[in-house]
Amino acid sequence: MSAVSPSPSLLLASTKPSNETHKTIITPIIKKPTIPTIQCEFRSFENNSSSYQNLIADSSNRIHIIFKPPSSSLLTTASSMDLSIKHSKRVCLFYCSEMKDLAERIASASDSIELRGITWRTFEDGFPNLFISNAHGICGQRVAFLASFSSPGVIFEQLSIIYALPKLFVSSFTLVLPFFPTGTFERMEEEGDVATAFTLARILSNIPISRGGPTSLVIFDIHALQERFYFGDNILPCFESGIPLLLNRLQKLPDSDNIAIAFPDDGAWKRFHKQLQHFPTIVCIKVREGDQRIVRLKEGDPKGRHVVIVDDLVQSGGTLLECQKVLANHGATKISAYVTHGIFPNSTWERFKHDAGGNPENGMTYFWITDSCPRTVKQVENKSPFEVLSLAAPIAAALQV
């Protein structure tokens, strides 16, 4: 920037009387130059914060820079915007047909999740005829698939999609399988038994590696914690729990200060007692008497309490019903139940009746399940004592990890 030159001088003539002669005196009057001030804005590329400076140019060809720090509110706004952009991860979520309702709830729980479609068709011989819509559009994107292995018949077609998605040059791939269905068959008790949980874990461990590395696998309340060691190095299991949903629901009950937690066996106590340790605890035990397995009270006092039985899953419901009778006989005033996975094959949910008050031995006040098993959710909809606690928000959060 060049210095500003002085303004031209103004020459004024004046006449001064004299006895001898008249002399004309020229007096120069110099107008001082105006020093311009230039307002500039400089942006730092390191933190996107703005700083403002005044540049003053004077007649000596020098530039004076006066620093003025930006306001704290401006820095805070810029910083928060930067953090929100940095931590918001866009995810393309595909899903199987059974999980459509849950997928829509997940998308509603987060603006960062976009639902993508798959065409599920079959050939005349019954084998899958599948098509991934806009396959080129997910190149370089974070991709997830919401699965439901509700029966052996649907596993193959979903595995076909699961194996195909990571190979479409996606930046990362996450498989969300809320219920790991073979988890109850995780060990061999005699020669000839087949540990199908290990078989399924081996299949999932061979999902192709995506551009971003191994597949992430999200499972809720797996039946046996040792099953985490069944998975190979090509997959990263992430084990979540539905218990926080239960805790949130219990806080809203009118008798929330009178809740006790009951575990139907030692296995349930081992899985969940640390998450529920601030409640009074009751533990039941199953013992064999001949060919029968009978539930008895091992420790704790249910008298006068609203007792909530907690377990990871229910199938026929026999153990829960036996536990209910024991708790009622020992003085529980209300009995409810929570299981993450309500499987209920052959509509066994019908065995559980509603207690509107005063008959805990014959019915339950509440029976909470999650939407990990979509077929059951549709069967028990608007039927007391059942209430569905959605996994949508926890899954949306897991997809941001």
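In this report, we go over the structure that sits alongside the text.

Basis of the calculations
Residues numbered from 1 in each chain as written. Predicted model: local features only at pLDDT ≥ 70, side-chain atom pairs only at ≥ 80, totals over all residues. Heavy atoms only, no water. Pairing = 2+ DSSP bridges. Helix = DSSP H or I, 4+ residues; strand = E, 2+ residues; numbered from the N terminus. Axes fitted to C-alpha atoms, helices over the stretch in contact; angles between N-to-C directions. Contact = heavy atoms within 4.5 Å. Disulfide = S-S within 2.5 Å. Buried < 20%, exposed > 50% of the residue type's maximum accessible area, 1.4 Å probe, protein only. Salt bridge = Lys/Arg side-chain N within 4 Å of Asp/Glu carboxyl O. Arc of directions from axis to C-beta.

1. Re the sheet that holds strand S7 (residues 113-115)
Piece 1. Pairing in this open sheet of six strands is parallel, and the strands run S7-S6-S10-S11-S12-S13 from one edge to the other. Both outer strands of the open sheet, S7 and strand S13 (235-240), are each paired with one neighbouring strand and no more. Within the sheet, the average angular offset between the axes of one strand and its neighbour, ignoring direction, is 25 degrees.
Piece 2. Here strand S11 (residues 172-176) pairs with strand S12 (residues 215-220) via three bridges, running parallel. Pairing of Val 176 across the sheet is with Val 218, part of S12.
Piece 3. Relative to the sheet, helix H2 (residues 100-109) contacts strand S6 (91-95), S7 and strand S10 (142-146), its axis offset from that of S7 by approximately 145 degrees.

2. A look at unusual backbone geometry
Piece 1. The peptide bond linking Ser 384 to Pro 385 adopts the cis configuration, its omega dihedral lying at 10 degrees.
Piece 2. Looking at the element boundaries, Pro 385 is found in the loop between helix H8 (374-380) and strand S20 (386-389).
Piece 3. For Phe 344, which is not glycine, the phi torsion reads 45 degrees and is therefore positive.
Piece 4. Tracing the backbone through its elements, the reader meets Phe 344 in the loop between strand S18 (334-342) and strand S19 (367-370).

3. Some words on the state of the cysteines
Piece 1. Counted according to the given criterion, the structure contains zero disulfides.
Piece 2. A disulfide-free cysteine, Cys 284 has its sulfur positioned 3.4 Å from the sulfur of Cys 323, the nearest such atom.

4. Notes on the sheet that holds strand S17 (residues 306-314)
Two orientations exist for strands paired in a sheet by backbone hydrogen bonds: parallel and antiparallel.
Piece 1. The strand order across the open sheet formed by seven strands is S16-S15-S14-S17-S18-S19-S20, and the pairing between neighbours is mixed. Two strands close off the open sheet at either side, each with one partner strand: strand S16 (292-299) and S20. The mean inter-strand angle of the sheet, taken between neighbouring strand axes irrespective of direction, is 25 degrees.
Piece 2. As defined by bridge partners, S17 adjoins S18 across eight bridges and the pair is classed as parallel. Each residue of the ladder has a partner; that of Ile 309, found in S18, is Ala 337.

5. Side note on the environment of Phe 179
Piece 1. Counting through the fold element by element, Phe 179 comes out in the loop between S11 and helix H4 (196-204).
Piece 2. Phe 179 gets classed as buried once you look at its relative accessible area, which sits at 14%.
Piece 3. Measuring from C-alpha to C-alpha, the distance between Phe 179 and Phe 220 comes to 6.3 Å, with 41 residues separating the pair along the chain.
Piece 4. Dropping the residues within four chain positions of it, Phe 179 is found in contact with Leu 313, His 341, Ile 343, Ser 372 and Cys 373.

6. Some points on the pattern of salt bridges
Opposite charge on two side chains allows them to pair when their charged atoms are near.
Piece 1. This model, assessed by the stated rule, comprises ten salt bridges.
Piece 2. Residue Glu 98 pairs with Arg 375 through a salt bridge whose shortest N-O separation is 3.2 Å. Of this pair, Glu 98 sits in the loop between S6 and H2 while Arg 375 sits in helix H8, placing them 277 residues apart in sequence.
Piece 3. Look at Arg 375 and you get partly exposed, because its relative accessible area is 47%.
Piece 4. Residue Asp 371 is joined to Arg 105 by a salt bridge in which the shortest nitrogen-to-oxygen separation is 3.1 Å. One end of the pair, Asp 371, is in the loop between S19 and H8; the other, Arg 105, is in helix H2, with 266 residues separating them in the sequence.
Piece 5. For Arg 105, a relative accessible area of 35% puts it in the partly exposed group.

7. Re H2
Piece 1. Of the residues making up H2, those classed as buried are Leu 102, Ala 103, Ile 106 and Ala 107. Burial along H2 is one-sided: seen end-on, the buried residues are contained in an arc of 140 degrees.
Piece 2. Looking at the buried positions of H2, the neighbouring elements they touch are S6, S7, S10 and helix H9 (392-398).

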